[in-house]
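Topology and contacts: notes
Each chain, written out:
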Amino acid sequence: MSGALDGLVALISGTGGGLGRAAALHFAAAGARVVGCDLDIEGHRQTVDLVRASGGEMDGPADALDLATAAGSAAWIDHALRAHGRIDILYNNASAARFAPVDQMTDAEWHFTIRNELDLVFFATRAAWPHLAAQGGVIINVGSTAAWAGTAGSGKIAHAAAKGAIVAMTRQLAVEGAPLGIRALSISPGFIRTPGTAPFLQREEIRARLVANIPLGRPGEPDEIAAAAVFAASAGASFMTGNDIVIDGGALAA
Ligand SMILES: NC(=O)c1ccc[n+]([C@@H]2O[C@H](COP(=O)([O-])OP(=O)(O)OC[C@H]3O[C@@H](n4cnc5c(N)ncnc54)[C@H](O)[C@@H]3O)[C@@H](O)[C@H]2O)c1
């Protein structure tokens, strides 16, 4: 495989499915050596098989890693260094959230969301930072349109707080990283069709309500996020840092 990311070592979290699987396939097709990981080790292994079957290069730790612990994130970074000796791209995609109305969200649901949407990005970034700085590199964090707009009845109080923090953290990383040759961008998807969101789309009344708020009249596809991420990681985006790239079919514009 060869392309915009030829020979670069790209770490992508959450490669067990959804947007992480699509990203692994796109990054490998662009020539990157992909290092994935996930709590869902079976899903991650299937992604490795899919990437290799398409002619790409991908590996990852043999066991499930919880990136929301400092030790789990450090083990992932160590694996990449042992396997490839360098890190060029860190794509912080993995996350998990709990949803509930403000007055019904429990302490446990709040902390679960902050831990699995925010802590894991910090831990992985901190562990990768000196290795990105060694030759220059790119961090891509996955935010959400929830960082920018509230949604009635969505129960997104913790998710919105965490994703808003991701966008703010990305700006800080960009400023701290610039003298070291590290660029940092976030990508904020709107509503994307994934295995996780597919059940909502099967129910016509819910699909119609979700799509009514999207000017392009449909959910996005994982490939449409992954393609933007490949560009963000490539030399073509060399003057982009600190920005949030919203990919939402026009939802925030409407
Ligand atoms: N799908 C959408 O419509 C949408 C919209 C906006 C933002 N996003 C964001 O895109 C990213 C990917 O979303 P997705 O829809 O593919 O979700 P997903 O649930 O299908 O995939 C996320 C993966 O992250 C893994 N993960 C979660 N916590 C982890 C941890 N602590 N350690 C290791 N792995 C962990 C999960 O096991 C899962 O495989 C997330 O950051 C999500 O918030 C998705």
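Report follows, based on the coordinates. (Residues numbered from 1 in each chain as written. Predicted model: local features only at pLDDT ≥ 70, side-chain atom pairs only at ≥ 80, totals over all residues. Heavy atoms only, no water.)

1. Regarding the overall build of the protein
A tally of regular secondary structure across the protein gives 8 helices and 7 strands. Its C-alpha atoms give the protein a radius of gyration of 17 Å, near enough to 18 Å, the size a compact globule of 254 residues would have. C-alpha atoms of the protein, sized along the principal axes, occupy 50 × 35 × 35 Å. Sequence-distant contacts, at least 24 apart, represent 72% of the contacts inside the protein between residues at least 6 apart. Summing over all exposed atoms, the protein offers an accessible surface of approximately 11,300 Å²; the carbon and sulfur share of this is 57%. (Helix = DSSP H or I, 4+ residues; strand = E, 2+ residues; numbered from the N terminus. Rg over C-alpha atoms; globule rule 2.2 N^0.38 Å. Contact = heavy atoms within 4.5 Å. Areas by Shrake-Rupley, 256 points an atom, 1.4 Å probe, with all protein chains shown as cover.)

2. With respect to the site of the ligand
Not every one of the 26 residues close to the ligand is listed here, only the nearest: Leu19, Asp38, Asp66, Asn93 and Ile192. The separation between a nitrogen atom of the ligand and a polar main-chain atom of Leu65 is 3.5 Å. Here a nitrogen atom of the ligand sits 3.0 Å away from a polar atom, N or O, in the main chain of Leu67. Protein coverage of the free-state accessible area of the ligand, which is 830 Å², stands at 84%. Of all the elements in the fold, those that place two or more residues in the shell around the ligand are helix 1 (18–29) and helix 4 (107–135). Considering each element in turn, the shell around the ligand owes the most residues, 3 residues, to helix 4. A class-by-class count of the residues in the shell around the ligand yields 12 nonpolar, 10 polar and 4 charged. (Near = heavy atom within 4 Å. Polar contact = N/O pair within 3.5 Å; in protein donor to acceptor, adjacent residues only side chain to side chain. Nonpolar A, V, L, I, M, F, W, Y, C, P; charged D, E, K, R; others polar.)

3. Looking at the environment of Leu90
Among the structural elements, Leu90 can be located in strand 4 (residues 89–92). Once the C-alpha coordinates of Leu90 and Ser13 are considered, the two residues, 77 residues apart in sequence, prove to be 8.3 Å apart. Filtering out sequence-adjacent residues up to four positions away, Leu90 remains in contact with Leu11, Trp76, Ala124, Thr125, Ala128, Leu132, Val138, Ile139 and Ile140.

4. Here we look at the packing of helix 3 (residues 70–84) against helix 4
Between helix 3 and helix 4, the least distance of the axes is 8 Å, while the angle of their chain directions is 35°. Regarding helix 3 and helix 4, the two cross each other, and that crossing is right-handed. Contacts between helix 3 and helix 4 involve Ala70, Ser73, Ala74, Trp76, Ile77 and Leu81 on the former and, on the latter, Leu120, Phe123, Ala124, Arg126, Ala127, Ala128 and His131. By residue class, the composition of the contact of helix 3 with helix 4 is 10 nonpolar, 2 polar and 1 charged. (Axes fitted to C-alpha atoms, helices over the stretch in contact; angles between N-to-C directions. Left-handed = near helix turned anticlockwise from the far one by under 90°.)

5. Section: the sheet that holds strand 5 (residues 137–142)
Ordered in space as 3-2-1-4-5-6-7, the 7 strands form an open sheet in which the pairing is parallel. For this open sheet the edge positions go to strand 3 (57–59) and strand 7 (244–247), each flanked by a neighbour on one side alone. Along the sheet, successive strands turn relative to each other by an average axial angle of 20°, direction set aside. The sheet contact formed by strand 6 (residues 182–189) and strand 7 spans 4 bridges and is parallel. (Pairing = 2+ DSSP bridges.)

6. Looking at the pattern of salt bridges
Inspection of the entire model under this criterion finds 7 salt bridges. Between Lys163 and Glu117 there is a salt bridge, with its nearest N and O atoms 3.9 Å apart. You can see Lys163 sitting in helix 5 (residues 157–177) and its partner Glu117 sitting in helix 4, a full 46 residues away along the chain. In this structure, Lys163 and Glu117 share a single accessibility class: buried. (Salt bridge = Lys/Arg side-chain N within 4 Å of Asp/Glu carboxyl O. Buried < 20%, exposed > 50% of the residue type's maximum accessible area, 1.4 Å probe, protein only.)

7. Comments concerning the packing of aromatic side chains
Taken as a whole and judged by the stated rule, the model has 2 aromatic pairs. Where Phe122 meets Phe123, the ring centres are 5.7 Å apart and the plane angle is 45°; that geometry is what we call tilted. Between Arg98 and the ring centre of Phe112, over which it is positioned, the NZ or CZ distance is 3.8 Å. (Phe/Tyr/Trp six-rings, centres within 6.5 Å; stacked < 30°, edge-to-face > 60°. Lys NZ or Arg CZ within 6 Å of the ring centre and 35° of its normal.)

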